[in-house]
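Residues per chain are reported as follows:
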Amino acid sequence: MKKNIAKIEEELKQLVTADIDKDNFIWDLLLVYGLPKASISRLKKGNLNLSKDYHGVVWKKKLHFKYSDSDNLHEKITQIASEVKHSERFVILTDFKDFLAIDTKTEDTLDCNINELYKHFDFFLPWAGIEKTQRHNENPADVKAAEKMAKLFDEIKKDNPSSTSENLHELNVFFTRLLFCYFAEDTNIFKDSEFTNAIDSHTHEDGSDLQEFLRRLFDVLDTHEKDRKDLPEYLNKFPYVNGGLFKEDVKLPEFSARSRRMILDSGDLDWKDINPDIFGSMIQAVVRGLEGDDNTKHYTSVPNIMKVINPLFLDELYEEYVKTIDNKHKAKELLQRIYNLKIFDPACGSGNFLIIAYKELRKLEMKIFEDHEMLAFSGIKLSQFYGIELNETAHEVAMLSLWLTEHQMNVEFLEKFGQVNPTLPLKDAGNIVLGNACRIPWEDVCPKEKDDEIYILGNPPYLGGRMQDKNQKADLAVAYGLYGKAPKVDYIAGWFLKASEYIKDCNSKYSFVTTNSICQGEQVDMIWSIILNNKQEIGFAYSNFKWDNNAKNNAAVIVTIIGVRNQSPLPKYIFSKTSKVIVKNINPYLLDAKNTFIKKRTIPLSRFMSMEYGNMAIDGGYLILSVEEMKHLLSINPETSTVVRKIIGAQEFLNGKVRYCLWIKDEQLEFVNSIPLIAERIKAVKKKRLAIDDKGSLELAKRPHQFREMKEGLESSIIVPTVSSERREFIPIGFMNKEDVIIAPNQVIYDPEPYYLGVLSSKMHMVWMKTVAGRLKTDFRYSSSLVYNTFPFPDISEQRKQEITQCVFRILEEREKHPDKTLAQLYDPDKMPQGLREAHKANDEVIERCYRSKPFESDEERLEYLFKLYEKMIAEEKEKDTLFEKPKKTRKRKNKEIK
């Protein structure tokens, strides 16, 4: 029989708050969650325990537990989690003081004192058969409210179908006011249920007079009590709100009986439990369809926001706070520092980052007041918070949310200290400006004085170069400003550069959530060379993680968080899921290495053959044949087999698709023109190329029987697919026959030695590619100029080449053992055959011995070595170039002397 949640929480509290029996702790923990006693007995005896470690327990699909007295539990649990072999759901590591755990299914983590484990009893509920149906940071009330508001919007839109920008603005204002009224009647700003009761009691059920009722009510809320005249008591008892929320005179929507009932039903929710930081998600659901899809918006959960706020300024404030606990003078100094802070989000959306920053500062202030028994009013003001937002809906919600957050914190303050600043009338809700952050001077929004302490933060829009419209490209041109013409970079680069300019020579830092594209490929040099030249540095960074949120239909993307500051001797940190590591430097690739920029090259840095782009047809499809078209052609004209070849692109190579092409040499032209089926296709190619207004295409029209390139190997070729899934451990690379025509955009090495496949298939090459290559969405985009030509590989002996070649043959043999599977299936990390995986592992071992005798222990160690080797090889190359030039100058000087 399964235990109920209350019983689990109670038993866990008893287990961890009493004297802990270290020898039996893990068995007792499993019993708390109702796991079978018989299975636990078998674990204790060793029958079920798959662990080879005396201090460990491994239970297949359930648990990987280990006791350790190591100083660095965080690093150790990360390593353990990466090596689980039996699908263990939970990884646990403890020294019986600190307790760390990872849920390998949801990727949630737990880090707490073992005596407080009972506060997190829900983390292990899957053991009790209670699966996590939603992330712990989602408030069910938030989700329910968002759904109700979305349905209400749909109903109101049905009765008010106009979709003009003016109509959208009016709906924005209406829903913002409605949200405030719901919140107000549940948090003592209004009397309990005062708003919904007034609607229920003073409007008709058919909704015909609700528009006029709300118009009058909103006017009342914007009128001071002393200025009101001849109002009915049910309206006059509403308080004066002010703050500009009800000031604008807008046309309200018309209502039906159904929409009126939905407004009343929405009021039945307990709105005091709604987090203002979810309002952006509500509005996203509410106005969907009117503004269209916009993948630049990302409404953000509280835990993810804290990943930005903590290392940017909050951790430092808490370090100072610890010093104030027994020192009232220092406490007052810290309070004064907090009251002078400025928090600025130049892409604030619905205000989530500002809201959470405000809440956290108020919490810290209350801690200081409690420690020193201070009786004072809060000194933190909304006017310390600044934002820029382009979207009108989000702009209005940001201001509303800040007001409501202030009230929530005031209620909490009142409960603790018995006094509080009055909420009404509302004050100015921060300095939130409606406008384009790429074009507005930031100092006009958030003025900075010499000694100001300013923190810039947020989650600006991403948008790769190909997704940007002409206005967004123009925005980037403005943001680049002093730095010349804007290159093809991610849209978020504009925020990084403007923030870099803003913090120059002042006490400011910034941290943004960003797609990792700005730390990969060509963009690294285009963006980070500017920032680092401004005498700035990366102070902290998060390794890649999935950024998701509470929003309806939330978008999950792979991001990093980067914090930038003016150069400083303070420590630098790289964060991962479970660790925080001090490093010497964080370079633009987010590695603990020197600030090196990997730039495109036209020739390989290492002693490699050249890698070329595949053949491009530019034929309108007329030189390409499907299997059916090829069979039809050969059935009528068997002699044309001499001009038909297989083509190999990514789909053909990876997924087994089959296509053919016409591959016609000049000496075969007279022959093929005598074949009507081919002659017609050649004419169509010529017509297609002549229609393209381009000098190269017009020149190409002179030989319409051929691809633009006619490259082929004498014996064989190696194909490297241009795009490869981020999930793959290895890029599938392979040999093609000399008769195969490899097409662009795939990369090709013609007639290589076999060992090349081993080098390119190695983990060393993969970690380099993953770091320096660009991306297509989340997939890697392989580039010969940026990946292959820059890859540092040492000179090796013929014997070493033969060792690698033997590994290549083994890899190919393992592939051939599975003729029914495509390469895409063979290299799916979840389905990769064990023999193929072992063949690659053996290849990796040989490749790594080319670099050094000691095996590499991690990808970070591999990258550190590769970057150092790259720097060394670049320096040697420059030295050779210099030596080559010097004799010329010397000879010239000697010649002059002889003359």
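How each quantity is defined
Residues numbered from 1 in each chain as written. Predicted model: local features only at pLDDT ≥ 70, side-chain atom pairs only at ≥ 80, totals over all residues. Heavy atoms only, no water. Helix = DSSP H or I, 4+ residues; strand = E, 2+ residues; numbered from the N terminus. Contact = heavy atoms within 4.5 Å. Areas by Shrake-Rupley, 256 points an atom, 1.4 Å probe, with all protein chains shown as cover. Lys, Arg positive; Asp, Glu negative; His and termini not counted. Charge placed at Lys NZ, Arg CZ, Asp CG, Glu CD. Patch = residues over 30% accessible without salt bridge, like charges linked within 9 Å, V, L, I, M, F, W, Y side chains within 5 Å. Salt bridge = Lys/Arg side-chain N within 4 Å of Asp/Glu carboxyl O. Buried < 20%, exposed > 50% of the residue type's maximum accessible area, 1.4 Å probe, protein only. Phe/Tyr/Trp six-rings, centres within 6.5 Å; stacked < 30°, edge-to-face > 60°. Polar contact = N/O pair within 3.5 Å; in protein donor to acceptor, adjacent residues only side chain to side chain. Pairing = 2+ DSSP bridges. Expected span 1.5 Å × (residues − 1). Core = buried A, V, L, I, M, F, W, Y, C linked by side-chain atoms within 4.5 Å. Axes fitted to C-alpha atoms, helices over the stretch in contact; angles between N-to-C directions. Parallel < 35°, antiparallel > 145°, perpendicular 65-115°, else oblique. Nonpolar A, V, L, I, M, F, W, Y, C, P; charged D, E, K, R; others polar. pLDDT = per-residue confidence, 0-100. Left-handed = near helix turned anticlockwise from the far one by under 90°.

Enquirer: Help me understand the overall build of the chain, please; the structure alone is not making it clear to me.
Expert: The number of helices and strands found in the chain is 31 helices and 26 strands. Projected onto its principal axes, the C-alpha positions of the chain cover 100 × 80 × 75 Å. In the chain, of all internal contacts separated by at least 6 residues, the share reaching a separation of at least 24 is 71%. For the chain, the exposed area adds up to about 43200 Å²; of that, 49% sits on carbon and sulfur atoms. The centroid of the 132 positive side-chain charges in the chain is displaced by 6 Å from the centroid of its 139 negative side-chain charges.

Enquirer: Is there a simple way to think about a positive patch on the surface in this case?
Expert: Side chains of Lys52, Lys85, Lys763 and Lys841 sit close together on the surface and give a patch of like positive charge. Residue placement: Lys841 occurs in helix α30 (residues 834-849).

Enquirer: Sorry, what's going on with unusual backbone geometry here?
Expert: Residues apart from glycine generally show negative phi values, whereas peptide bonds are mostly found in trans. Along the chain, Ala744 connects to Pro745 via a cis peptide bond; the corresponding omega equals 10 degrees. Along the chain, Pro745 turns up in the loop between β23 (741-742) and β24 (747-750). Phi at Ile618 is positive, roughly 45 degrees, even though this residue is not glycine. Mapped onto the secondary structure, Ile618 falls in the loop between β16 (612-613) and β17 (624-625). Residue class for Ile618 comes out partly exposed when judged on its relative accessible area of 26%.

Enquirer: I'm lost on the packing of aromatic side chains in this one. Help?
Expert: For any two aromatic rings, the description comes down to two numbers: the centre-to-centre distance and the angle of the planes. In the structure shown here, the tally under the stated rule is 52 aromatic pairs. Ring geometry for Phe25 versus Phe99: centroids 6.4 Å apart, planes at 75 degrees, classification edge-to-face. With a gap of 74 residues between them, Phe25 in helix α2 (residues 25-32) and Phe99 in strand β4 (residues 98-103) connect regions that are remote in the sequence. A relative accessible area of 0% means that Phe25 is categorised as buried. For the pair Tyr182 and Phe195, a centre-to-centre distance of 6.0 Å together with 75 degrees between the ring planes defines the contact as edge-to-face.

Enquirer: What exactly am I supposed to notice about the side chain of Gln468 here?
Expert: With respect to the secondary-structure elements, Gln468 resides in the loop between β9 (453-458) and α17 (470-480). For Gln468, a relative accessible area of 8% gives the class buried. At 2.9 Å, the side chain of Gln468 and the backbone oxygen of Val489 are in polar contact. The residues touching Gln468, leaving out its near neighbours within four places in the chain, are Leu463, Lys473, Leu476, Val489, Asp490 and Tyr491.

Enquirer: How should I be thinking about the sheet that holds β23 in this particular structure?
Expert: The four strands are arranged β17-β19-β18-β23 in an open sheet whose pairing can be described as mixed. Of all strands in the sheet, those with a lone pairing partner are β17 and β23, marking the two edges.

Enquirer: Quick question: what am I supposed to make of the environment of Val559 here?
Expert: Position of Val559 relative to the elements: it lies in strand β13 (residues 557-566). Look at Val559 and you get buried, because its relative accessible area is 0%. Considering only alpha carbons, one finds Val559 and Asn516, 43 residues apart in sequence, at a separation of 5.4 Å.

Enquirer: Would you explain helix α6 (residues 165-185) in this entry?
Expert: Since there are 3.6 residues in each turn of an α-helix, residues three or four apart along the chain are aligned in direction. In this model, α6 (21 residues) spans 31 Å end to end at C-alpha, consistent with the 30 Å of a helix rising 1.5 Å per residue. Of all the 21 residues making up α6, 19 are buried; the element is thus mostly covered by neighbouring parts of the structure.

Enquirer: Sorry, what's going on with the pattern of salt bridges here?
Expert: It is possible for side chains of opposite charge to pair when their charged atoms get near one another. Taken as a whole, this structure holds 44 salt bridges when the rule is applied. Taking the shortest distance from any N to any O, the salt bridge between Asp219 and Arg215 comes out at 3.1 Å. With Asp219 and Arg215 both in helix α8 (residues 210-221), this residue pair falls four residues apart, about one helical turn. Glu360 is the salt-bridge partner of Lys363, the closest N and O atoms lying 3.3 Å from each other. Of this pair, Lys363 and Glu360 both sit in helix α14 (residues 352-371), separated by three residues, roughly a single helical turn. Among the ionic contacts, a cluster of salt bridges with common partners joins Glu316, Arg337, Glu453 and Lys509.

Enquirer: When you look at the sheet that holds strand β20 (residues 716-720) in this model, what are you seeing that I'm missing?
Expert: What links the strands of a sheet is backbone hydrogen bonding, and the strands pair in either a parallel or an antiparallel sense. Spatially, β16-β24-β20-β22 is the arrangement adopted by the four strands of the open sheet, whose pairing is antiparallel. Because the sheet does not close on itself, it has two edges, and the strands there are β16 and β22 (734-737). Strand direction decides the pairing type here: β16 and β24, joined by two bridges, are antiparallel. Across the sheet, the residue bridging to Glu612 is Val748, located in β24.

Enquirer: Explanation requested: the nonpolar core in the structure shown.
Expert: For soluble globular proteins, nonpolar side chains are generally found buried alongside one another. Residues Phe180, Phe313 and Trp528 are the most contacted members of the largest nonpolar core, which totals 183 residues. Of all hydrophobic cores here, the second largest spans 34 residues; its members include Leu15, Leu43, Ala101 and Ile114.

Enquirer: Mind showing me how you'd approach the environment of Glu116 here?
Expert: You can see Glu116 is positioned in the loop between β5 (109-113) and α5 (140-159). When the C-alpha positions of Glu116 and Leu12 are compared, they lie 9.6 Å apart, and in sequence the two are 104 residues distant.

Enquirer: Even after reading the chapter, I still don't get the packing of helix α18 (residues 493-503) against helix α19 (residues 523-533), so can you show me in this structure?
Expert: In a pair of packed helices, the angle between the axes and the distance between the axes together describe the arrangement. Interaxial distance between α18 and α19 falls to 10 Å at its minimum, and their mutual angle equals 10 degrees. Between α18 and α19, the crossing angle belongs to the class labelled roughly parallel. Packed against α18, whose contacting residues are Ala493, Phe496, Leu497 and Ser500, the element α19 presents Ile527, Trp528, Ile530 and Ile531 at the interface. Residue classes in the contact of α18 with α19 are distributed as seven nonpolar, one polar and no charged.

Enquirer: Explanation requested: helix α15 (residues 392-417) in the structure shown.
Expert: Taking 1.5 Å per residue, 26 residues should reach 38 Å; α15 reaches 38 Å between its end C-alpha atoms and fits that length. Here α15 lies mainly inside the structure; 19 of its 26 residues are buried. Of the residues one or two after α15, Gly418 is the one with positive phi, at around 75 degrees.

Enquirer: Sorry if this is basic, but what is going on with the confidence of the model for the chain here?
Expert: The predicted coordinates ought not to be read in detail in places where the model reports low pLDDT. In the predicted model, the chain carries a mean pLDDT of 86, and the fraction of residues at 70 or more is 90%. Scored below 50 in pLDDT, residues 886-899 shows zero contacts in the model against residues more than four places distant or in partner chains.

Enquirer: I would appreciate a short explanation of the side chain of Ser266 in the present structure.
Expert: Inspection of the secondary structure assignment puts Ser266 in helix α10 (residues 257-267). With near-sequence residues (within four places) excluded, Ser266 lies in contact with Lys148, Tyr182 and Trp271.

Enquirer: Sorry if this is basic, but what is going on with the packing of α14 against α15 here?
Expert: One way to put it is that α14 packs onto α15 with a least axis distance of 10 Å and a crossing angle of 15 degrees. On the basis of the axis angle, α14 is roughly parallel to α15. Seen from above, α14 lies across α15 with right-handed handedness. Two secondary-structure elements touch here, α14 through Leu354, Ile355, Tyr358, Lys359, Arg362, Lys363, Glu365, Met366, Phe369 and Glu370 and α15 through Ser401, Leu402, Thr405, Glu406, Gln408, Met409, Asn410, Glu412, Phe413, Lys416 and Phe417. Here the residues of the contact of α14 with α15 sort into nine nonpolar, four polar and eight charged.

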